[in-house]
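Chains, contacts and geometry: an overview
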Amino acid sequence: MNIHIFYCANCLDANAVRTIVGSDRDDQNNDTIKTVSLPCSGKVNLLYLLKAFEKGADNVLLVTCGQDECKFLEGNLRAKKRAQAVDTLLEEIGLGNGRMKVIQKSKEGIEQITAALEQIKKDFTQKQ
Amino acid sequence: MIVAERKTIPELVDILEGNKKILILGCGTCVTVCLAGGEREVSIISSALRIASKPRGLDFEIEELTIERQCDNVFIETAAEAIERNDVVLSLGCGAGVQAIAERFLDKPVYAGLNTAFIGILEERGLWTEKCGACGECVLSQYGGICPITRCAKHMLNGPCGGSREDRCEVRPDRPCAWQLIYQRLKGIGQLDRLKNIAPPKNWEPSLGGGCRVIVREDHRI
């Protein structure tokens, strides 16, 4: 399974990303997780996300800052709308929706992101 | 500007099925501004088509190009080589652009990737509204710059119809009543007297009824 994670560098630092990827590594299943750092989640656009799917991603996870916590005020809101547009486009293409997930990082830490990754893997396995 | 929106990906796949080498040709003018057929949309649609073609075994080979203006032969020339080396062209220009390309390259299938919708403006971010019906005989000067043909759902030249609720159109409650806007505008510029004139039936001859319209400027021809 191939997962791409786009994340806002203001809500996740390199150590947190290493922890997330490391905790989810499962060599037996040949899972691949690719991470892409963004200066703000608002930098992401439809093409970034579509290219990830074109290059073979089964699922894409976009991690944004929490509500009202975006350093650039509305980058996380824009990112969420763009992710929704990609999800709609994927359904139009025939890949089904739900492959594009957005997580607004809460103050609790990275547990919700690792949990989301687990859920994505579980859903993917069930669909296979 | 001309406002258009993209056809759905399944529609585009149906149109392109059976072809291998495809040029997706964007236009850098109106359809770029309305986020339907500019350079970025060319990339997005190309990517979506590549993804969609794989499970169907079509494996499109897509080339991307955007020219300044598809409705002008000077700019079409810059795409000539790319058009020649591909089997078909999927034009993301307006209807005029698609036809201009098709007329220039007689042996090349040219398909429309967009539905050309109307002449309008960007009202706010991500929202375009129709402002002009290109009727061929403009009446804007009589109505304070607000077109009753386009913006009134009933195209009334002698309004209002009486069906509006507050300032909302009864046909489209999400839109303002055009005649309310005309009244406010004429009041604002001190020309309410214009509403006392009864407009005669409009001459529709310069409109689409007579077939393809042509304008000739002899002073620009040799």
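Look a little higher up for the structure.
A brief look at the structure comes next. (Residues numbered from 1 in each chain as written. Chains lettered and ligands numbered in written order. Predicted model: local features only at pLDDT ≥ 70, side-chain atom pairs only at ≥ 80, totals over all residues. Heavy atoms only, no water.)

1. Focus on the environment of Asp 167 of chain B
Residues and elements named next belong to chain B. When you line up the elements, Asp 167 lands in the loop between helix H7 (148-151) and helix H8 (178-188). For the pair formed by Asp 167 and Gly 113, sequence separation is 54 residues and the distance between their alpha carbons is 37 Å. Setting aside residues no more than four positions away along its own chain, Asp 167 makes contact with Arg 175, Pro 176, Cys 177 and Gln 180. (Helix = DSSP H or I, 4+ residues; strand = E, 2+ residues; numbered from the N terminus. Contact = heavy atoms within 4.5 Å.)

2. Section: helix H6 (residues 95-104) of chain B
Residue and element names in this part refer to chain B. Listing the buried residues of H6 in full gives Gly 97, Val 98, Ala 100 and Ile 101. Around the axis of H6, the buried residues are gathered within 165 degrees of arc, so they sit on the same side. Check the buried side of H6 and you find it contacts strand E2 (21-27), helix H4 (73-76), helix H5 (80-84), strand E4 (88-91) and strand E5 (110-112). (Buried < 20%, exposed > 50% of the residue type's maximum accessible area, 1.4 Å probe, protein only. Arc of directions from axis to C-beta.)

3. Observations concerning the layout of surface pockets
What the largest pocket holds in volume is close to 1,200 Å³. Taken together, 27 residues make up the lining of the largest pocket; nearest its centre are Leu 46 and Ala 85 of chain A together with Leu 35, Glu 41 and Trp 128 of chain B. At the level of secondary structure, the elements contributing two or more residues to the lining of the largest pocket comprise helix H3 (75-93) of chain A together with strand E1 (2-6) and helix H3 (39-53) of chain B. The dominant element in the lining of the largest pocket, judged by the number of residues it contributes, is H3 of chain A, at 9 residues. When its residues are assigned to classes, the lining of the largest pocket shows 13 nonpolar, 4 polar and 10 charged. Considered as a void within the structure, the second largest pocket measures approximately 680 Å³ in volume. For the second largest pocket, the lining is made up of 19 residues, of which Ala 96, Ala 134, Leu 208, Cys 212 and Arg 213 of chain B are closest to its centre. Within the residue set of the lining of the second largest pocket, elements represented by two or more residues are H6, strand E6 (114-124) and strand E7 (127-132) of chain B. (1 Å grid on protein atoms, 1.4 Å probe; cavity = no way out; pocket = protein on both sides within 12 Å on 5 of 7 lines; lining within 4 Å. Points joined across faces, edges and corners; volume = space filled by probe spheres on them. Nonpolar A, V, L, I, M, F, W, Y, C, P; charged D, E, K, R; others polar.)

4. Considerations on the interface of chain B and chain A
Every contact between the two is made by 14 residues of chain B and, on the other side, 12 residues of chain A. Buried surface at the junction of chain B and chain A, both sides included, amounts to about 1,200 Å², of which 63% is carbon and sulfur. A per-residue breakdown of the area chain B buries against chain A is headed by Ile 44, Ser 47 and Ile 51 of chain B, which together make up 39% of the total. Here chain B is connected to chain A by 2 salt bridges. Residue Glu 92 of chain A is joined to Arg 6 of chain B by a salt bridge in which the shortest nitrogen-to-oxygen separation is 2.8 Å. If you look at where chain B meets chain A, you find 4 residue pairs in polar contact (both at pLDDT 80 or more). (Buried area = accessible area lost by both parts, 1.4 Å probe. Salt bridge = Lys/Arg side-chain N within 4 Å of Asp/Glu carboxyl O. Polar contact = N/O pair within 3.5 Å; in protein donor to acceptor, adjacent residues only side chain to side chain.)

5. Section: the pairing of strand E1 (residues 2-8) of chain A
Residues and elements named next belong to chain A. The element E1 is largely enclosed, with a buried count of 7 among its 7 residues. Every second residue of E1 is oriented toward a common face, with Asn 2, His 4, Phe 6 and Cys 8 on one face and Ile 3, Ile 5 and Tyr 7 on the other, all of them buried. Here E1 pairs with strand E3 (residues 59-64) via 5 bridges, running parallel. When the bridges of E3 are listed, His 4 appears paired with Val 60. (Pairing = 2+ DSSP bridges.)

6. Description of the packing of aromatic side chains
Residue and element names in this part refer to chain B. For the coordinates displayed, the defined rule picks out 1 aromatic pair over all chains. Measuring from ring centre to ring centre gives 5.5 Å for Tyr 143 and Trp 179, while their planes differ by 90 degrees; the resulting arrangement is edge-to-face. Taken together, the positions of Tyr 143 in the loop between E7 and H7 and Trp 179 in helix H8 put the pair 36 residues apart, joining distant regions of the chain. On the basis of relative accessibility, which here comes to 6%, the residue Trp 179 falls in the buried class. When the ring centre of Phe 105 is taken as origin, the NZ or CZ atom of Arg 104, which lies over that ring, is 4.5 Å away. (Phe/Tyr/Trp six-rings, centres within 6.5 Å; stacked < 30°, edge-to-face > 60°. Lys NZ or Arg CZ within 6 Å of the ring centre and 35° of its normal.)

7. A short note on the sheet that holds E5 of chain B
All names here are of chain B. Within the open sheet, the 4 strands sit side by side as E3-E2-E4-E5. Their pairing is parallel. The sheet terminates laterally at strand E3 (61-67) and E5, the two strands that pair on one side only. Neighbour to neighbour, the strand axes of the sheet diverge by 25 degrees on average, direction disregarded. Here E4 pairs with E5 via 3 bridges, running parallel. When the bridges of E5 are listed, Ser 91 appears paired with Ala 112. Against the sheet, helix H1 (residues 9-16) touches E2, E4 and E5, its axis set at about 165 degrees to E5. (Axes fitted to C-alpha atoms, helices over the stretch in contact; angles between N-to-C directions.)

Distances and angles like these do not, on their own, reveal function.
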